[in-house]
Amino acid sequence: MADSAEVLENVKDYYGKVLQSTSDLKTQACVTPGKALNEYVKNAISEVHPEVSARYYGCGLVIPPGVHGARVLDLGSGSGRDCYALSKLVGKDGEMVGVDMTSEQIEVANQYIEHHTAKFGYDKPNVSFVQGYIDKLSEAGLQSDYFDIVVSNCVINLTPDKKAVLSEVHKVLKPGGELYFSDVYTDTELSDEVRKDKVLWGECISGALHWNTLHSLAKEVGFTKPYLVSCSPINIDREDFKQVLGDAKFCSATYRLFKLPEKPRKVGGGKIIYNGEIAGHEESFQFDHKTELAAGTPVCLSGEVLTVISNSRLGEEFQLDPGVKEVCCVKISEGVDPFLVIGEKESRGEKIEAACCGPSACC
Ligand SMILES: C[S@@+](CC[C@H](N)C(=O)[O-])C[C@H]1O[C@@H](n2cnc3c(N)ncnc32)[C@H](O)[C@@H]1O
């Protein structure tokens with residue numbers, strides 16, 4: 001497609017007029033297979049109105065641990081499935097805002113505010129939807145340094161200017177806040193033919209970032225490095241799409257990135273203990289795809305990760321033990337390739353789970 005404006009118009013048309021429900025999708029990119037969710041998250045998703053869930057087009061699970069009482073923004077909120085599940089989990093004193101550029105999506109989402117407010121037993125709604133562009137959040141009226149968490153489910157790939165999106169997110173997050181999002185990634189530079197394919201754009205394929213580019217953009221904008229939480233392959237079955245895509249591979253991946261304070265308190269490597277007090281995560285806390293912290297059990301981590309955790313919104317959920325030497329501490333590796341992670345799991349014969357939940361898969 002010729003330019004950004006054309007891409008945005010095409011995407012608006014796709015999500016406003018072409019697609020009416022999840023079953024209209026032509027690939028598996030939005031809505032990859034679901035894994036068993038913990039009961040806490042599963043219950044919240046199952047309370048979302050079926051008309052909203054029927055229009056779910058996400059590719060991952062964007063409900064991080066520790067949302068109670070938080071202010072959360074959802075980029076490209078669509079019909080509002082994740083917003084309503086989070087509206088339940090943030091509680092009456094939390095706040096949930098969804099932003100989407102497509103009027104038809106905002107209209108559907110707005111229709112169910114009263115229903116969910118009553119269902120969750122709130123006196124007044126804690127959720128609202130704003131029509132606007134995710135690379136222009138200030139123009140959409142969203143305040144700087146306001147949100148604890150920004151989530152997004154299969155949207156940033158649809159936006160031509162990804163760096164502008166990350167910059168705007170950095171602006172609206174409080175220091176210590178977190179961007180926790182699922183999206184589609186590729187392992188190669190996509191050809192012009194792929195980039196120009198309108199249906200593949202709409203299906204979240206043509207605008208996919210090379211996974212490595214996310215790391216450089218995050219750094220340029222001032223985020224911590226992106227930590228990979230989960231990933232799963234996207235298989236494209238249609239012959240005509242396969243012809244256009246050639247050898248390019250795609251996966252859905254969930255990352256977490258933090259906006260640290262300007263002068264973060266530096267912490268050396270050592271032991272950290274998770275307090276087990278986050279609702280729904282009483283037994284353990286998953287930091288990234290391979291770092292799971294069992295409640296009450298000291299775990300040795302590098303100074304880099306301890307600095308991130310202790311300066312983040314999650315800091316008070318952990319206790320640091322400074323008395324341990326750096327040498328015993330695991331360093332979480334830089335720039336993990338999600339395709340390698342998937343390949344390693346496949347070669348070990350492990351069941352590959354997508355941290356994802358389509359309406360039929362697990363709700
Ligand atoms: C694949 S759907 C995902 C919707 C929702 N997150 C879900 O999981 O059901 C993508 C959504 O992002 C919105 N969108 C795409 N590009 C956008 C942009 N630049 N600004 C705002 N919304 C955008 C579309 O209107 C659409 O509703």
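A. Geometry of the overall build of the chain. A tally of regular secondary structure across the chain gives 14 helices and 13 strands. Counting the 363 residues in the chain, one finds 57% classified as buried. Long-range pairs, those at least 24 residues apart, make up 81% of the contacts in the chain with a sequence separation of at least 6. Taken as a whole, the chain presents about 15600 Å² of accessible surface, with 48% of it coming from carbon and sulfur.

B. The arrangement of the site of the ligand in detail. Taken together, 25 residues form the shell around the ligand, and within it Y57, G76, D100, T102 and Q105 come nearest. Note that an oxygen atom of the ligand is positioned 2.6 Å from one of the side-chain N or O atoms of T102. When the free accessible area of the ligand is taken as 590 Å², the share hidden by the protein chains comes to 100%. If one sorts the elements of the shell around the ligand by residue count, helix α1 (residues 4-18) sits on top with three residues. In terms of residue class, the shell around the ligand is made up of 13 nonpolar, nine polar and three charged.

C. Structural context of the nonpolar core. Among the nonpolar cores identified, the biggest contains 37 residues, and L73 and L75 are the most heavily contacted of them. Looking at this core, the element that brings in the most residues is helix α10 (residues 211-221), giving five residues. Those residues in contact with L73 that lie beyond four places of it in its chain are M96, V97, V99, L137, L142, F147, I149, V150, V151 and V172. With 28 residues, the next largest nonpolar core counts I45, V72, V108 and V127 among its residues.

D. Spotlight on the pairing of strand β7 (residues 227-234). Within β7, seven of the eight residues are buried, leaving the element largely enclosed by the surrounding structure. Taken together, the seven bridges between β7 and strand β8 (residues 250-258) define a ladder with antiparallel strand orientation. Bridge pairing in β8 places L228 opposite Y255.

E. Expanded view of the sheet that holds strand β12 (residues 299-301). One open sheet holds the three strands; their spatial order is β12-β9-β13, and the pairing between them is antiparallel. Looking at strand neighbours, the two that pair on one side only are β12 and β13 (318-321), the edges of this open sheet. On average, each strand axis in the sheet is inclined to that of its neighbour by 35°, with strand direction left out of account. Relative to β13, strand β9 (residues 270-274) runs antiparallel, the two being bridged by four bridges. Following the sheet pairing, Y274 is matched in β13 by F318.

F. Here's a closer look at the side chain of D148. Its location among the elements puts D148 in strand β4 (residues 147-153). Only 2.8 Å separates the side chain of D148 from the backbone nitrogen of R71, close enough to count as a polar contact. Not counting residues within four places of it along the chain, the set of residues in contact with D148 comprises A70, R71, L173, K174, G177, E178 and R313.

G. Quick peek at unusual backbone geometry. Phi angles above zero are rare outside glycine, and C154 is one such case at about 70°. Structurally, the position occupied by C154 is in the loop between β4 and α7 (162-172). Non-glycine residue C204 carries a positive phi angle of around 75°. Residue position: C204 is located in the loop between α9 (198-202) and β6 (209-210). Judged by its relative accessible area of 0%, C204 falls in the buried class.

Calculation criteria
Residues numbered from 1 in each chain as written. Predicted model: local features only at pLDDT ≥ 70, side-chain atom pairs only at ≥ 80, totals over all residues. Heavy atoms only, no water. Helix = DSSP H or I, 4+ residues; strand = E, 2+ residues; numbered from the N terminus. Buried < 20%, exposed > 50% of the residue type's maximum accessible area, 1.4 Å probe, protein only. Contact = heavy atoms within 4.5 Å. Areas by Shrake-Rupley, 256 points an atom, 1.4 Å probe, with all protein chains shown as cover. Near = heavy atom within 4 Å. Polar contact = N/O pair within 3.5 Å; in protein donor to acceptor, adjacent residues only side chain to side chain. Nonpolar A, V, L, I, M, F, W, Y, C, P; charged D, E, K, R; others polar. Core = buried A, V, L, I, M, F, W, Y, C linked by side-chain atoms within 4.5 Å. Pairing = 2+ DSSP bridges. Axes fitted to C-alpha atoms, helices over the stretch in contact; angles between N-to-C directions.

Shape is all these values report; function is a separate question.
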